[in-house]
Amino acid sequence: MSKLRVAVLGAKGRIGSEAVRAVEAAEDMELVAALGSGDKLETLVVAGAQVAVELTTPASVMGNLDFCVRHGIHGVVGTTGWTEDRLAQLKGWLAQSPETGVLIAPNFSIGAVLTMKFAEVAAPYFESVEVVELHHPNKVDAPSGTATRTAQLIAAAREKAGSVPQPDATVTALDGARGADVGGVPVHAVRLRGLLAHQEVLLGGEGETLTIRHDSLHHSSFMPGILLGVRRVVTAPGLTFGLEHFLDLK
Ligand SMILES: NC(=O)C1=CN([C@@H]2O[C@H](COP(=O)(O)OP(=O)(O)OC[C@H]3O[C@@H](n4cnc5c(N)ncnc54)[C@H](OP(=O)(O)O)[C@@H]3O)[C@@H](O)[C@H]2O)C=CC1
Ligand SMILES: O=C(O)C1=N[C@H](C(=O)O)C[C@H](O)C1
């Protein structure tokens, strides 16, 4: 069987460099391009890339995906910064290239995907729920894409269940003291030397609390998800948002 021809964008970055090694080690894949900032995207076409693994920055991801989709190159995207406007733009590009698939995964690690799922299930059963994400201090965005997605899933689950707004008697607070508001769910971002990527979902009810915690201790935690995404995206045209769809968790 022929190998999947894979490129990595952001190949010198923290996660991109790990992805380069993972693709090189995968028996069913061939690394045909490893691009950093300043490298020409035309290289992807010359190299015959079928799938581009996009691990750059929120500032670069849209330009890279525009190019890939226009050239029929599937995308596996870990880069953060996804807004409704950006998603609508990407869907527009995909509509012009109906055989191309793009997976956007807020988090590629199985534990983080399960954390999101467990939080979604638990949220309607508790009065209070808050999300705390903790990352290394070189991270450029806050809150993390994972925390934003977790809060969105929690908010949607609570709305569907008819949950009332969370109790909170705060009258005066310093700006930011109660975190960012994502659909009524407070999200707090910690940046601390020594950490990599961690998240806690705190749920509270009458006389009890439940904490769901996930820790990514090394970038290797994201690699099985990236490789799964590469294998599955080539037969999944259009936009897939969340690795759970390729794990049959939905
Ligand atoms: N979904 C997931 O599971 C995960 C997602 N992430 C996300 O992945 C992204 C990258 O994270 P991280 O590796 O820590 O960040 P880094 O800053 O370490 O890496 C980003 C890399 O992208 C390069 N780059 C910037 N623009 C371009 C471009 N136009 N083309 C090619 N390369 C480019 C940068 O090069 P230079 O420095 O020269 O500008 C840099 O090497 C972030 O959005 C992060 O949140 C991270 C881990 C897991
Ligand atoms: O920047 C990181 O490191 C990570 N980014 C992603 C996010 O913002 O959710 C995934 C993971 O948290 C690591």
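Here the structure is a predicted model, which means the values were calculated and not measured.

**Student:** I tried to follow the overall build of the protein chain on my own but got confused; where do I start?
**Tutor:** Each helix and strand counted, the protein chain has seven helices and eleven strands in total. Here the C-alpha atoms of the protein chain give a radius of gyration of 19 Å, agreeing with the 18 Å that 2.2 N^0.38 yields for 250 residues. Projecting the C-alpha coordinates of the protein chain onto the three principal axes gives extents of approximately 60 × 40 × 30 Å. In the protein chain, which comprises 250 residues, the share counted as buried stands at 49%. Contacts in the protein chain between residues at least 24 apart in sequence constitute 71% of all its contacts with a sequence separation of at least 6.

**Student:** Honestly, the pattern of salt bridges in this entry has me stumped. Any pointers?
**Tutor:** Where charged atoms from two side chains of opposite charge come close, those side chains can pair. Evaluation of the coordinates by the stated rule reveals eleven salt bridges. The shortest N-O distance in the salt bridge between Asp66 and Arg70 comes to 3.2 Å. Residue Asp66 and its partner Arg70 are located together in helix H3 (residues 61–70), separated by four residues, close to a single helical turn. Exposure remark for Asp66: the relative accessible area of 23% places this residue in the partly exposed category.

**Student:** Just to check I follow, could you spell out the site of ligand 1 for this structure?
**Tutor:** Around ligand 1, 22 residues are found, and the nearest of them are Ser37, Ser60, Thr80, Ala105 and Phe108. The separation between an oxygen atom of ligand 1 and a polar side-chain atom of Ser37 is 2.7 Å. Tallied by class, the residues present in the shell around ligand 1 amount to seven nonpolar, twelve polar and three charged.

**Student:** How should the sheet that holds strand E7 (residues 180–182) be read in this particular structure?
**Tutor:** Whether parallel or antiparallel, the strands of a sheet pair through hydrogen bonds between backbone atoms. Strand order in this open sheet of five strands is E7-E8-E6-E9-E10, and the pairing throughout is mixed. Looking at the sheet topology across the chains shown, the edges are occupied by E7 and strand E10 (208–216). Averaged over all pairs of adjacent strands, the angle between their axes in this sheet comes to 25°, without regard to strand direction. This element, helix H6 (residues 145–160), spans strand E6 (128–135), E7, strand E8 (185–191) and strand E9 (197–205) of the sheet and lies at about 170° to E6.

Analysis parameters
Residues numbered from 1 in each chain as written. Chains lettered and ligands numbered in written order. Predicted model: local features only at pLDDT ≥ 70, side-chain atom pairs only at ≥ 80, totals over all residues. Heavy atoms only, no water. Helix = DSSP H or I, 4+ residues; strand = E, 2+ residues; numbered from the N terminus. Rg over C-alpha atoms; globule rule 2.2 N^0.38 Å. Buried < 20%, exposed > 50% of the residue type's maximum accessible area, 1.4 Å probe, protein only. Contact = heavy atoms within 4.5 Å. Salt bridge = Lys/Arg side-chain N within 4 Å of Asp/Glu carboxyl O. Near = heavy atom within 4 Å. Polar contact = N/O pair within 3.5 Å; in protein donor to acceptor, adjacent residues only side chain to side chain. Nonpolar A, V, L, I, M, F, W, Y, C, P; charged D, E, K, R; others polar. Pairing = 2+ DSSP bridges. Axes fitted to C-alpha atoms, helices over the stretch in contact; angles between N-to-C directions.

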